[in-house]
Amino acid sequence: MSKVHVTTSVNGDEVEFLADPRETLLDCLRDHIGLTGSKEGCGTGDCGACSVTLDGTLVCSCLVLGVEADGKRVETIEGMADGAELHPLQRKFIEHAALQCGFCTPGILVAAKKLLETNPNPTEEEIRYWLAGNLCRCTGYDKIIRAVMDAAAELRQEAA
Amino acid sequence: MVAINLWSSLTRFTEGARVVEVEAETVGGALDGLVAAHPGLGPIIEAGVSVVVDGEIAPNRHTKVPQGAEVVLMQRLKGG
Amino acid sequence: MAKDEFKEFKLVGTRPDRPDGLDKVTGRARYGADISAPGMLWAAVLRSPHAHARIVRIDTSKAEALTGVKAVITRADFPTGLTGEDWNLQENTMAGERALYDGHAVAAVAATSKLRAEEAVRLIEVEYEVLPHVIDVDDAIKPDAPVIREGAADATVPEGMPPNVVRYMEFGRGDVEAGFAEADLVMEKTYKTEATHQGYIEPHACMGQLGADGKGEMWVCTQGQWFIRKMCTAVLGLETSQLRVTPSEIGGGFGGKTTIFMEPLSLALSKKAGGKPVKLVMSRSDVLRATGPTASASMDVKIGMKKDGTITGARAEFRMQGGAFPGSPVDMALYCCFAPYKLKNVEHVGYDVLANRPKCAAYRAPGSPMGAFAVESLLDEMCRELGVDPLDMRLKNAVREGDTASYGPKYGSIGLVETLEATKAHPNLSIPLGPNQGRGIAAGYWFNHNGETSVSLAISEDGTAQVSVGTPDIGGSRASIALMTAETLGIPYEDVRVNVVETGALGVNEPTHGSRATFASGKAAVVAAGHAITEMCRRAANEWGIDPEAVEWVDGAAQPAGDNAGKFPPMTIAEIAGKMGSTGGPISGHHESVPDGVGASFGCHVVDVEVDPETGRTTILRYLVVQDAGRAIHPAYVEGQYQGGAAQGIGWALNEAYIYGEDGRLQNSVFLDYRVPVASDLPMIDTVIVEVPNPGHPYGVRGVGETGITPPLPAIANAIQEATGARLCELPMSPPKVLAAIKAKGG
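All of these numbers come straight from a predicted model, not from anything done at the bench.

## What about the overall build of chain C?
Thought 1: Counting its regular elements, chain C contains 20 helices and 26 strands.
Thought 2: Whereas a compact globule of 747 residues would reach a radius of gyration of roughly 27 Å, chain C reaches 27 Å, a difference of no more than 12%.
Thought 3: Seen through its C-alpha atoms, chain C measures out along the principal axes to roughly 85 × 75 × 50 Å.
Thought 4: Out of the 747 residues belonging to chain C, those deemed buried represent 62%.
Thought 5: When contacts within chain C are restricted to residue pairs at least 6 apart in sequence, long-range pairs at least 24 apart make up 80% of them.

Set out below in C-alpha cells:
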C-alpha cells in the first residue's frame, strides 16, 4: 500500500513523515518520529497508555490513524515539561510516589493535564472518573489521585 | 542421625514412613541419604524441593544440619 | 527481635524521590518495545484458533514468497530431544504435533515492517484436525475427559488417578477426624475461583539477535534476565553464556514476566534471517490468550471450631488447573491457606490438573489468594454461626514465633499478632454502617523468598557509589537498595546509583519474584558495602601507618577507633576514593549467595462494601490494608505495594475472570471485556505498616510485594454476606451472581 506524506506539529515542532494509511498515530509517533513515551498497552482504546492531545482534544493515539494528524497539533508526554522545568503534575507524581512500573504514567499525566486545563479544581470523584480510561495495575490509584489533587492545588495557587 | 519429615504422599516411596532417619551433617547429605534409603524419592528430589532446617529454608546443600534439628522436606518454594 | 534493638537510621525509613522518577514522568524510560536497531525486522506470530487440535499440515510457501519476508519458522526449526520443563517451555513457545489451547503459537514470521509481517502471517495455511477439549478443572478429572498429554504425570501421582492429574500431594499432621469430633461446629464447603491475568499494562516485548556462530543478544522486558537466558538457550539448544540478555524497564510483571513465552521466537527468526535483529511485541489479545494467567481452582474445605472460636481441625482438598502443562500453584495454595492458624490437626490434599488453557505463570503470591478465599470465607461463616468476633477468633488461633506452621516447619520471628492487633485498633472498624452495607475481614500469608543473588558495588573516584543488581526494579527497589547502601556507607542517598544490569555483568540472579528484590539484593548490597568499607579502612590504616583493625567507619569516613589507635582526623570516603589509583587500585565489594534469613509476611484486610439490592453491584466504600513489612525501607513504596495488591485482589474478587465459550476459545481477550479495576471503581486505600523487624536481614526487611493480594478475595465475600445475607462461594462476585445469590436466599 503506498504511503501518505503527513505534515503535522508535534510538541510545537513541525514534523513530516510517510505513513502507511493503516498505521495508527501511535505507530507513527513511536516508529517514524522516535517518540516512544506514548505506550501501547492494548491497541483498542481501553488502557489510555497512549493518551495524547490532537488539536487540544484528549485522544487514544492507538485509535487515531497517523494520516489523520495531517495539519493538526499533537501534544505528547515528551512536550509536557518546559525544557528542564517539569510540569507540576510530573513533579507531584515523583513526590507522591504515584508511579511504580511507570508504564501507564505518560498517558495518565497527559490525561490529567487536560483535566486540570478543563477543571482547575476537580473533586476526588471527578479525577477518578476523568482518569477511568487510564489503567494502572501497580498503584491502586490512591497515590495518583493524591498527586493530581496536590498539583491542582499548586496550579491554582500559581494562577491566583 | 537426622530425622527428615516428609509430606505424607511420599510415604508411597518409603514403605509408609513419614519420618526417615539418615546419617548426615548437611542438607545435601540428608537428601543423598534419603535417596539412597528410598530410591523412589529420587525423581521428586531431582525435580526440586525446599529443605527447612529449624524453621529456616536452607539456602544450599552445604547448610549444616545440627544434631536434633527439625528437618522438613517441602515442595520447592518460589513466588510471583 | 524487639524493635528497639535496631538503632535509629538516617535514611532507612525516609521517602526520597525514586532515582528513575524523572525518566518515567518525561517518557524517556525505555521499556521492552521502545528500542530499535539498524536493519531491524519485525516479527508476527500465527496462533491457533482452536482449544485443542492436531496440526495436520502447515504450508508457509505463500508467506515466504511475499516481498520483505526474511524468515518463517515453525516447530520444525527447533531442536528436538528436550525433556522435562525445557520441553514444556519449548512446546509452549511453539506448538508441535498439537495446538493445546486457543492462542498457542504455531508459526512466526520476520519481515521488514510490522504490517508486512502481519500480512505474511495471514498467508500461512494450517490444516487442523479439531480435537475434543476441556477447560474446567473439575471436568478435566472426569473419566471421559479428553487427555491433554499421555504420560505427563510425575512420580507423585499414584496409579489409577485420572490421566490429566500430573502432580499429587498430601501432607498434614495430627488426626483431623478427632479434631472434628472435638468441635462444637463443623462446616464443609466447596469454593471455585476462575483464572485471572496479572494484567501488567506493558505487553511482552523483546528484540533478539542471533548469529550463525551461536552468539546472541536480547533486549527484553522481564522480571529476570538470567531466567530468560537460561530458558531461551535451553529451548533453542544454545550455550547459555553465549546469549547476553539486557532487561528493559519493566511495565509491570506480578510474576507473569518470570518466564518465557515468545522470546525464543525472535532469536530463531533472527538466526534464520541472517542475524538481523528481530523485534517482537505482543498485542493485548496475545497477552491474555497466550501468556501466564493464574490457575483456576476448585476447593473443598472442612473446619471444626469450638464455641469460643478455637479451631480444632482443618482439612483442605484443592484441585487446580494451570493450563496444558504441569505447574499450577496448588502446593503453595495449600501451604498458605491455614498458615495464620495454630493447628494440631490439619490435612491437605492437592491435585495439579491439565486443561486446554495457556500455561499458567506465577501471579503475586501464587496460589495463596485462592486458598485464602476458601478458608477465610468458611472461617467467617463459622464465626457468624457461633457469634464469635472474626478478629478475636483470628487472634485466638494466631501463630506466633516458635509455633509449628500448618505446612510443617516452625515459624521464626513473625508479626501476625501485631498485625491483627493493629487492625483491631484502627478507626475504620468503628465507623457505623448503613443499610445494604457490610464489613469483611480476612487474613493472608506469603512466605517470601531468597533465591540466587549476585551484587557488585564499586566506589567511584569522587566517593560516590554504584551498585549493580540483577533484580529488575518493578516497584521502587532501586530506591530501597540505594537507601540501604547509602545508610551503610554513611553517604547521601543521592550519592548512590543503583543499576539493574545485563547478564554479562554479574553472576546468576533469580528474577524479581517472591517479594525478594529489596530483601535479597538489598542484603547483598549491604554485605558488598561492608566489604568496600573494610577495604577503605585498610587504605586509611596504611596511610596512617596503623593496624587496619584499629580503624572504624563512622558517617562516611575512616577514623581511628579510640585514642589508643592514634590521633588522625577522619579520612572521608571522597578522600580515600580520590587517591585509590595510587593506594592499591579500585575499591569495590561483591556478594554472591542464596541468602538465609527470609522473613514471612502476614496481612489483615478490612473492607466496607455496599451492595445494590436491585442490581447486585458491589461498591467498595472503604478499604484497609494492615501488613507486617519487617521494616519499611521506603514507606511510600511499601504502601504502594499494599495498595496495588489490594486493587488486584479487588479486581479478582469482583470482576476479573477468563471466560471461555463452548468452543474452548477465550471470549474476553481485550481490556474492555477483561475488566481490571479503574480509578472510579476504588476508594482511597488506607494502609498500616506494621514493623516487626526480620532478624535475618541487616535492616529488618521481610519483603512486602505479595501478601496484599491474598485477603481481598475472602474479605469482600465476607463483607457481601454481611451486607446481603448471601454467601458467594464462586469468583468473580459479579453483579449477576450476587443478585442470584440474594434471590436464592429469598432476599
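## Side note on the domain arrangement of chain A
Residues and elements named next belong to chain A.
Thought 1: Parsing chain A into structural domains produces domain 1 (4-79) and domain 2 (88-159).
Thought 2: One C-alpha centre belongs to domain 1, the other to domain 2, and the line joining them spans 22 Å.
Thought 3: Opposite the 13 residues of domain 1 that make contact, domain 2 presents eleven residues.
Thought 4: With three residues, strand S3 (residues 51-54) is the single largest residue contributor to the side of domain 1 that touches domain 2.
Thought 5: Per-class residue counts for the side of domain 1 that touches domain 2 are six nonpolar, six polar and one charged.

## Some details on the confidence of the model for chain C
Residues and elements named next belong to chain C.
Thought 1: In the predicted model, chain C carries a mean pLDDT of 96, and 99% of its residues have values of at least 70.
Thought 2: Ignoring residues within four places in sequence, the model shows residues 1-5, a span with pLDDT below 50, making five contacts including any to other chains.
Thought 3: Interface confidence for the predicted complex, given as ipTM, is 0.98, next to a pTM of 0.97.

## Section: helix H7 (residues 225-236) of chain C
Residue and element names in this part refer to chain C.
Thought 1: Here H7 is twelve residues long and its end C-alpha atoms lie 16 Å apart, about the 16 Å a rise of 1.5 Å per residue gives.
Thought 2: Among the twelve residues that make up H7, eleven are buried, leaving the element largely enclosed by the rest of the structure.
Thought 3: Among the residues of H7, those classed as buried are Gln225, Trp226, Phe227, Ile228, Arg229, Met231, Cys232, Thr233, Ala234, Val235 and Leu236.
Thought 4: Those residues of H7 hidden inside the fold are in contact with helix H3 (84-93), strand S10 (216-220), strand S11 (243-247) and helix H8 (263-272).
Thought 5: Phi for Gly237, located one or two positions after H7, is positive at around 70 degrees.

## Topic: the packing of helix H10 (residues 330-337) of chain C against helix H11 (residues 368-386) of chain C
All names here are of chain C.
Thought 1: Axis separation between H10 and H11 bottoms out at 7 Å; the angle between their running directions is 45 degrees. Relative to H11, H10 is oriented oblique. For H10 against H11, the interelement crossing comes out right-handed. Contacts between H10 and H11 involve Met332, Ala333, Leu334, Cys336 and Cys337 from the former and Ser368, Met370, Gly371, Ala372, Ala374 and Val375 from the latter.
Thought 2: Here the residues of the contact of H10 with H11 sort into nine nonpolar, two polar and no charged.

## Remarks on the sheet that holds strand S20 (residues 551-554) of chain C
Residues and elements named next belong to chain C.
Thought 1: Spatial strand order, S20-S21-S22: three strands in an open sheet with antiparallel pairing. The strands lining the two open edges of the sheet, one partner per strand, are S20 and strand S22 (571-572).
Thought 2: Across four bridges, the pairing between S20 and strand S21 (residues 557-560) is antiparallel. Note on S21: the bridge partner recorded for Trp553 is Ala558.

## Some thoughts on the pairing of strand S13 (residues 296-305) of chain C
Residues and elements named next belong to chain C.
Thought 1: Of all the ten residues making up S13, eight are buried; the element is thus mostly covered by neighbouring parts of the structure.
Thought 2: In this structure, strand S8 (residues 185-193) lies alongside S13, joined through nine bridges in antiparallel fashion. Looking across to S13, one finds that Tyr191 is bridged to Met299.
Thought 3: Hairpin connection of S13 to strand S14 (residues 311-321): five residues between the antiparallel strands, including Gly309 at a positive phi of 95 degrees.

## Concerning the interface of chain B and chain C
Thought 1: Counting residues at the interface gives 23 residues for chain B and 36 residues for chain C.
Thought 2: Of all the secondary-structure elements, those providing two or more residues to the side of chain B that touches chain C are helix H2 (42-46), strand S4 (56-57) and strand S5 (71-75) of chain B.
Thought 3: Sorting elements by how many residues they give to the side of chain B that touches chain C places S5(B) first, with three residues.
Thought 4: Here the side of chain B that touches chain C is composed, by residue class, of ten nonpolar, eight polar and five charged.

## Quick word on the nonpolar core
Residue and element names in this part refer to chain C.
Thought 1: Residues Ala43, Ala108, Val109, Ala110, Ala525, Ile716 and Ile720 are the most contacted members of the largest nonpolar core, which totals 327 residues.
Thought 2: With 15 residues, helix H15 (residues 517-544) is the largest single contributor of residues to this core.
Thought 3: Beyond its immediate stretch of four places on either side in the chain, Ile716 contacts Gly440, Val607, Val609, Ile650, Ala653, Leu654 and Met733.

## A closer look at the arrangement of the chains
Thought 1: No other pair of the two pairs of chains in contact has as many contacts as chains A and C.
Thought 2: One finds no contact linking chain A with chain B; the least C-alpha distance across the pair is 14 Å.

## Considerations on the interface of chain A and chain C
Thought 1: Listed per partner, the contact involves 43 residues of chain A and 41 residues of chain C.
Thought 2: Looking at the side of chain A that touches chain C, the elements that each hand over two or more residues are helix H2 (88-95), helix H3 (105-118), helix H4 (124-130) and helix H5 (142-159) of chain A.
Thought 3: If one sorts the elements of the side of chain A that touches chain C by residue count, H2(A) sits on top with four residues.
Thought 4: Taken together, the residues of the side of chain A that touches chain C break down into 22 nonpolar, eleven polar and ten charged.

## Topic: the environment of Leu343(C)
Residues and elements named next belong to chain C.
Thought 1: Mapped onto the fold, Leu343 is located in the loop between H10 and strand S15 (346-353).
Thought 2: Among the residues examined, Leu343 registers 25 C-beta atoms within 10 Å and is labelled buried.
Thought 3: The spacing of Leu343 and Leu391 is 48 residues in sequence and 17 Å in space, taken between C-alpha atoms.

## As for helix H1 (residues 25-32) of chain A
Residues and elements named next belong to chain A.
Thought 1: For H1, the buried fraction is high: seven of the eight residues fall into the buried class.
Thought 2: All of the buried residues in H1 are Leu25, Leu26, Asp27, Cys28, Leu29, Arg30 and Asp31.
Thought 3: Its buried side turned inward, H1 meets strand S2 (13-19).
Thought 4: Once H1 finishes, Gly34 follows within two positions and takes phi at roughly 75 degrees, a positive value.

## A word on the domain arrangement of chain C
All names here are of chain C.
Thought 1: For chain C, the domain assignment lists domain 1 (3-28 + 450-593) and domain 2 (367-448 + 599-744).
Thought 2: Its C-alpha centre places domain 1 at a distance of 37 Å from the equivalent point of domain 2.
Thought 3: The interface is formed by 19 residues belonging to domain 1 together with 23 residues belonging to domain 2.
Thought 4: Of all the secondary-structure elements, those providing two or more residues to the side of domain 1 that touches domain 2 are helix H14 (477-489) and H15.

## Looking at the sheet that holds S4(B)
Residues and elements named next belong to chain B.
Thought 1: Strand order in this open sheet of five strands is S2-S1-S5-S3-S4, and the pairing throughout is mixed. Unpaired on one side and paired on the other, strand S2 (19-22) and S4 mark the two borders of the sheet.
Thought 2: Two strands pair when backbone bridges link them, and strand S1 (residues 2-5) and S5 are joined in this way by two bridges, in the parallel orientation. In the strand pairing of S5, Asn5 is matched with Val72.
Thought 3: Its contacts with the sheet put helix H1 (residues 27-37) on S1, S2, strand S3 (49-53) and S5, and the angle it makes with S2 is roughly 110 degrees.

## A look at the environment of Ile124(C)
Residues and elements named next belong to chain C.
Thought 1: Mapped onto the secondary structure, Ile124 falls in the loop between helix H4 (114-122) and strand S6 (125-130).
Thought 2: Linking Ile124 and Ala63, residues 61 residues apart in sequence, is a C-alpha distance of 5.8 Å.
Thought 3: Apart from the residues lying within four places of it in its own chain, the contact partners of Ile124 are Leu46, Ile58, Thr60, Ala63 and Ala107.

## Thoughts on the pairing of S1(B)
Residue and element names in this part refer to chain B.
Thought 1: Here S1 shows a clear split, with Val2 and Ile4 buried on one side and none of Ala3 and Asn5 buried on the other.
Thought 2: In this structure, S1 lies alongside S2, joined through four bridges in antiparallel fashion. Looking at S2, one finds that Val2 is bridged to Val22.

## Focus: unusual backbone geometry
Residue and element names in this part refer to chain C.
Thought 1: Following Leu731, the chain continues into Pro732 via a peptide bond in cis, with omega recorded as -5 degrees.
Thought 2: Along the polypeptide, Pro732 turns up in the loop between helix H19 (712-724) and helix H20 (735-744).
Thought 3: Although it is not a glycine, Phe254 sits at a positive phi angle of roughly 55 degrees.
Thought 4: Examined against the element boundaries, Phe254 turns out to sit in the loop between S11 and H8.
Thought 5: When the 32 C-beta atoms within 10 Å are taken as the criterion, Phe254 is described as buried.
Thought 6: A positive phi angle is found at Ala365, which is not glycine, with a value near 55 degrees.

Cut-offs and rules
Residues numbered from 1 in each chain as written. Chains lettered and ligands numbered in written order. Predicted model: local features only at pLDDT ≥ 70, side-chain atom pairs only at ≥ 80, totals over all residues. Helix = DSSP H or I, 4+ residues; strand = E, 2+ residues; numbered from the N terminus. Rg over C-alpha atoms; globule rule 2.2 N^0.38 Å. Buried ≥ 20, exposed ≤ 12 C-beta atoms within 10 Å, placed from the backbone. Contact = placed C-beta atoms within 7 Å. Domains from an automatic or database assignment. Nonpolar A, V, L, I, M, F, W, Y, C, P; charged D, E, K, R; others polar. pLDDT = per-residue confidence, 0-100. Expected span 1.5 Å × (residues − 1). Axes fitted to C-alpha atoms, helices over the stretch in contact; angles between N-to-C directions. Parallel < 35°, antiparallel > 145°, perpendicular 65-115°, else oblique. Left-handed = near helix turned anticlockwise from the far one by under 90°. Pairing = 2+ DSSP bridges. Core = buried A, V, L, I, M, F, W, Y, C linked by C-beta atoms within 7 Å.

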